[in-house]
Amino acid sequence: MSQIRYCLFFILIAIILTACHSLWTTQTQQTPKPQPIMRLPQVEISIPTTDFAFIFSQKATIEDPISPRKQITEHFTAREKTNVSVEDPRLMIDGKMLIDLSLLQKEDYAFPLPGAKIISPYAGRRKNHTGIDLKTHAKDTIVSAFDGIVRLAKPYFAYGNIVVVRHYNGLETLYSHNSKNLVKPGDRVKAGQPIAISGRTGRATTDHLHFEVRVNGQHINPNIIFDLKERKLNDHCLSFTQEGNKIKVEPINVMPHQLAGEYNPFTKKQNKEIVKEERGS
Ligand SMILES: [Zn+2]
């Protein structure tokens, strides 16, 4: 009798196991198969190899040439060698250019007349002062503000002895009334390198340095580039737009190097308004 019980018990276990197995198999079969993973197209992003990667055009992608003036050479045209105000057709793209001063390291810039005081500001009382006047003592050493190549070095009308340096960053700087120029056109100079001795040649009533910053031939306020009180470089990103024969300069909030190949030319306030408009539409 007990053998029959055992037999029945094993049969029952076998039935339960078979039922469980078939149920498990059914459930497994009903489980949807995982979707194949979508393969995104392989995009290779090349990282700029230059350490001067701070000029971006509005249309530039990360693969585009970073600085239109990266390729400057000492072979200037006759006009570039004889005129202060010359346009560079390769400088701006669609009349726009960005310079991110915050990417410059300490060794990439220098105050043109170390320790100097400003004796006359940009524009000035008569609104026609094309630079700033800096003064220390007579026959002081003037240094290049950034790395670049000397484009012009000669006596130049009311400017007296003048040095103009074209920089890789897109700017040009001008140093005038020098008693002596220490460089000649075509010389490659580093930031902080002596380029002239201050003086009062040309139309000057006292020994000083008349210093200008130029973009595409037009003078801009040096105060935009340098903190003249602290005698150091400002650390913002600047957008330059050609408007007729003037250059409009605006600081922008979005740094171009923070974005992959694009930059946002709008201010924070404008961006907020754009978001509002997009939400409203
Ligand atoms: Zn001046």
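All of these numbers come straight from a predicted model, not from anything done at the bench.

A. Representation of the coordination of the zinc ion. At 2.0 to 2.1 Å from the zinc ion lie its protein donor atoms, namely H129 (NE2), D133 (OD) and H210 (ND1). We note that the donor set of the zinc ion lies within a single chain, spaced as H-x3-D-x76-H. Of this pair, H129 sits in the loop between β2 (117-120) and β3 (132-135) while H210 sits in strand β11 (residues 209-215); the two residues are 81 residues apart in sequence, bridging distant segments of the chain. With relative accessibility at 16%, the residue H129 sits in the buried group. H210 gets classed as buried once you look at its relative accessible area, which sits at 5%.

B. Quick look at the side chain of S198. If you trace the backbone, S198 turns up in the loop between β10 (194-197) and β11. Using a relative accessible area of 2% as the deciding quantity, one classes S198 as buried. Within the structure, the side chain of S198 is placed 3.4 Å from the backbone nitrogen of K139, a separation counted as a polar contact. If near-sequence neighbours (up to four positions away) are discounted, S198 is found in contact with H137, A138, K139, D140, I142, H177, N178, S179 and D207.

C. Region of interest: the sheet that holds strand β4 (residues 141-143). The strand order across the open sheet built from three strands is β4-β10-β8, with neighbouring strands paired in antiparallel fashion. Lying at the two open borders of the sheet, with one neighbouring strand each, are β4 and β8 (180-181). Across three bridges, β4 lies against β10 in antiparallel orientation. In the sheet register, I142 faces β10, and the bridge partner there is A196.

D. Representation of the nonpolar core. With 37 residues, the main nonpolar core has I225, F226 and F240 as its most contacted residues. Among the elements of the structure, β1 (96-100), β3, β5 (148-155), β6 (161-167), β10, β11 and β15 (237-243) are those that each provide at least two residues to this core. Sorting elements by how many residues they give to this core places β11 first, with four residues. Residue contacts for F240: discarding those within four places in its chain leaves M92, G95, K96, M97, I99, L171, V215, I220, I247, K248 and V249. Listed in part, the seven residues of the second largest apolar core include L152, Y156, Y159 and I162.

Calculation rules
Residues numbered from 1 in each chain as written. Predicted model: local features only at pLDDT ≥ 70, side-chain atom pairs only at ≥ 80, totals over all residues. Heavy atoms only, no water. Donors = N, O, S within 2.8 Å, 3.2 Å for Na, K, Ca; no water. Helix = DSSP H or I, 4+ residues; strand = E, 2+ residues; numbered from the N terminus. Buried < 20%, exposed > 50% of the residue type's maximum accessible area, 1.4 Å probe, protein only. Polar contact = N/O pair within 3.5 Å; in protein donor to acceptor, adjacent residues only side chain to side chain. Contact = heavy atoms within 4.5 Å. Pairing = 2+ DSSP bridges. Core = buried A, V, L, I, M, F, W, Y, C linked by side-chain atoms within 4.5 Å.

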